[in-house]
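Commentary on secondary and tertiary structure
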Amino acid sequence: MSDATAGGGPLAPTPAQTIGPFFGHALPFPDGGRIAPEGHPDAVTLHGLVRDGEGTPVPDALLEFWQAGPDGSLAGAPGSLRRDMATGAFLGRDGAVFTGFGRVPTDAGGHYAIRTLPPGGRPDAAPYLAVCVHARGLLHHLFTRVYFPEHAAARATDPLLAGLPEERARTLLARPDGPGRYRFDVQLQQPADGRYEETVFLAFR
């Protein structure tokens, strides 16, 4: 609140302001985590927690996922953000095409989940999901990747993973969590007690 004076008298206190941005207001859309076509037999679930520097789950983070299709193509398909032509409301996905894009908020417990198809890779890199993390306290969003345990040989020669110490590379690896399920937690900062390793984040230049 202001304690400045003007014209010899004190100014009235200004109202308190809550610092945004508020990611849950307009960015999420219906079925944002359902990247795979409805009922696709190869679909897998990726889920996990987003934690802050104290190891506490973040209940208001927003994650975007970008990925290649199962054949390794990056073309994707339109259709994630269909609108009702009469009302302008979001209709969600059409349930039939793979767009290669997803956007999900974390819930009250800091948990997120998406349903997608396993990405294909390139000859010079292991398959991965690209992830963009928005969260309170971040002045700029963060970029990271999710690799999968099935591609050990490709990961061994992946340009990014090969340049990281083994313990750091592990923070980019999803782990099996049941049939067709994988767990990938995002640690925004390493806690002082060392309970969790900070996720590797990427800088694009």
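The structure this text deals with has already been given above.
In this report, we go over the structure that sits alongside the text. (Residues numbered from 1 in each chain as written. Predicted model: local features only at pLDDT ≥ 70, side-chain atom pairs only at ≥ 80, totals over all residues. Heavy atoms only, no water.)

With the rule as written, the count across this model stands at 6 aromatic pairs. Relative to Tyr147, the ring of Tyr128 has its centre 5.6 Å away and its plane inclined at 45°; by these criteria the two rings are tilted. One end of the pair, Tyr128, is in strand β9 (residues 128-134); the other, Tyr147, is in strand β10 (residues 142-147), and 19 residues separate them in sequence. For the ring pair Phe148 and Tyr182, a centre distance of 5.1 Å and an interplane angle of 80° mean the geometry is edge-to-face. Placement of the pair is Phe148 in the loop between β10 and α1 (152-156) and Tyr182 in strand β12 (residues 181-183), with a sequence separation of 34 residues. This pair shows no difference in class: Phe148 is buried, exactly as Tyr182 is. (Phe/Tyr/Trp six-rings, centres within 6.5 Å; stacked < 30°, edge-to-face > 60°. Helix = DSSP H or I, 4+ residues; strand = E, 2+ residues; numbered from the N terminus. Buried < 20%, exposed > 50% of the residue type's maximum accessible area, 1.4 Å probe, protein only.)

Moving on, we come to the nonpolar core. Grouped together as the largest cluster of nonpolar side chains are 27 residues, with contacts concentrated most on Leu46, Val50, Leu63, Phe65, Tyr112, Val146 and Leu188. At the level of elements, β3 (44-51), β4 (62-67), β8 (111-116), β9 and β10 are the ones that each hand at least two residues to this core. Leave out the neighbours within four places in its chain, and Leu46 touches Phe65, Tyr112, Ala113, Ile114, Leu129, Val146, Ala174, Tyr182 and Phe184. Core analysis: the next-biggest nonpolar cluster, separate from the first, contains 7 residues, Tyr147, Leu161, Leu172 and Leu202 among them. (Core = buried A, V, L, I, M, F, W, Y, C linked by side-chain atoms within 4.5 Å. Contact = heavy atoms within 4.5 Å.)

Attention now moves to unusual backbone geometry. As a rule of thumb, non-glycine residues mostly have phi less than zero, and peptide bonds are mostly trans rather than cis. Despite not being glycine, Asp31 shows a phi value in the positive range, around 60°. Within the fold, Asp31 resides in the loop between β2 (9-10) and β3. Judged by relative accessible area, which is 36%, Asp31 ranks as partly exposed.

Sheet strands pair by backbone hydrogen bonding; their relative direction is either parallel or antiparallel. Taken together, 4 strands build an open sheet; the order of strands is β7-β4-β9-β10 and the sheet is antiparallel. A strand with exactly one partner marks an edge of an open sheet, and here the two such strands are β7 (101-105) and β10. Here the strands of the sheet are splayed against their neighbours by 25° on average, with no regard to which way each runs. (Pairing = 2+ DSSP bridges. Axes fitted to C-alpha atoms, helices over the stretch in contact; angles between N-to-C directions.)

One can find Thr144 in strand β10. Within the structure, Thr144 has its side chain in polar contact with the backbone oxygen of Val200 (distance 2.7 Å). (Polar contact = N/O pair within 3.5 Å; in protein donor to acceptor, adjacent residues only side chain to side chain.)

Another aspect to go through is the pairing of β3. Extensive coverage of β3 is indicated by the burial of 8 of its 8 residues. As judged from the 6 bridges shared by β3 and β8, these two strands associate in the antiparallel manner. Bridge assignment links Thr45 to a residue of β8, and that residue is Arg115. The pairing of β3 with β12 spans 3 bridges and is parallel. Residue His47 lies in a different strand from β12, and its bridge partner there is Arg183. Across 2 bridges, the pairing between β3 and strand β13 (residues 186-187) is parallel. Pairing of Val50 across the sheet is with Val186, part of β13.

Turning to the pairing of β4, a few remarks are in order. Summarising burial for β4: 5 of the 6 residues are buried, a large majority. In this sheet, β7 lies alongside β4 in antiparallel orientation, the contact comprising 5 bridges. Within β7, the position partnered with Trp66 by the bridge is Phe101. As defined by bridge partners, β4 adjoins β9 across 6 bridges and the pair is classed as antiparallel. Counterpart to Gln67 in the pairing with β9 is Leu129.

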